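Listed here are the chains, written in short residue letters.
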Amino acid sequence: MLERPLWAPDEIDIERPSVARMYDFFLGGSHNFAADRQLAEQALRVFPDAPYVVRANRAFLRRAVTLLCELGIDQFLDLGSGIPTVGNVHEVAHAANPEARVVYVDSDPVAAAHSQAILRDDERVRVLHADLRAPKPVLLGAAAEGHIDFSRPVGVLLVSVLPFIPDSDDPAGLVAAYREATVPGSYLAISHGTNEYQPETVSEVEGVYTKASQPGVFRSRDEILALLAGYELLPPGLVDAIRWRPDPDDNRPDPLGGDVARYSLLAAVGRRG
């Protein structure tokens, strides 16, 4: 039996690896258990670039939220938000607009409990322990007490979440449900791993994630593009995440030398017309 940390909610099975906590491990976080680290290490053996990919994903999230704030969006629904770390949505949004409202949604108990603990005193932020695959209660929770006003444009974020929604759970239908809940002028930001660059490697990664809380699936560019139906993509469209509006002031060297195949991550932001 693994020893349960004091901060871990009692209902958590700490011997079952969690996708959210593995992601936290890749980011260098501390809210993960031995089982999460063990499976993450297995993933690293077949995909050693994973820590760089998750950091590139966070950088895309920051750029996307910054852009949406510049476009006038002041409320965000972050689906599958994960465990809080530096550069979370509310931090980025509040730097641009201190009055911006954010709702974080995650099914992982650690992600939800930790988020609630550190954000309990911020009236601009809400945390829902909920499964995004059930849109109705998520939307009702987000709208509770008028926190998210769905009569005004909303920024919906699905950042590296859809790879953990298998085809059997109808990811396109879920995206459509959240799209239909928002008004024209709302936006969707997504990132998604692709199987087009390293098909054999990502197939091995998918095999590792069959042992986690949710299986992982990489998709083709066309499959990812289909998930964006009903949105007009902002330039440059659906592209490699490191090439989606890169920060001109970021002079740090790319740890993977700009090799998009090693990232195998696509990203886009679309506007609902």
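Here the structure is a predicted model, which means the values were calculated and not measured. (Residues numbered from 1 in each chain as written. Predicted model: local features only at pLDDT ≥ 70, side-chain atom pairs only at ≥ 80, totals over all residues. Heavy atoms only, no water.)

Caption draft 1: How the structure looks around the environment of Asn 251. Relative to the helices and strands, Asn 251 is located in the loop between strand S7 (239–240) and helix H10 (260–263). Here the alpha-carbon distance between Asn 251 and Val 156, two residues 95 residues apart in the chain, equals 29 Å. (Helix = DSSP H or I, 4+ residues; strand = E, 2+ residues; numbered from the N terminus.)

Caption draft 2: Inspection of the pattern of salt bridges at higher detail. On inspection of all chains with the given rule, the structure shows 15 salt bridges. The closest approach of N and O atoms between Arg 124 and Asp 122, which form a salt bridge, is 2.9 Å. Residue Arg 124 is classed as partly exposed on the basis of its relative accessible area of 28%. With its nearest N and O atoms 3.7 Å apart, the salt bridge here joins Glu 180 to Arg 272. Taken as a pair, Glu 180 in helix H7 (residues 171–180) and Arg 272 in strand S8 (residues 265–272) lie far apart in primary sequence, 92 residues in all. Its relative accessible area of 15% is what places Arg 272 among the buried residues. Because the salt bridges share partners, they merge into one network encompassing Arg 21, Asp 36 and Asp 108. (Salt bridge = Lys/Arg side-chain N within 4 Å of Asp/Glu carboxyl O. Buried < 20%, exposed > 50% of the residue type's maximum accessible area, 1.4 Å probe, protein only.)

Caption draft 3: Highlighting the side chain of Asp 49. In this structure, Asp 49 sits in the loop between helix H2 (34–46) and helix H3 (50–70). Of the polar contacts made by the side chain of Asp 49, one reaches the side chain of Arg 262; its length is 2.8 Å. With residues up to four places along the chain from it excluded, the contact list for Asp 49 reads Leu 256 and Arg 262. (Polar contact = N/O pair within 3.5 Å; in protein donor to acceptor, adjacent residues only side chain to side chain. Contact = heavy atoms within 4.5 Å.)

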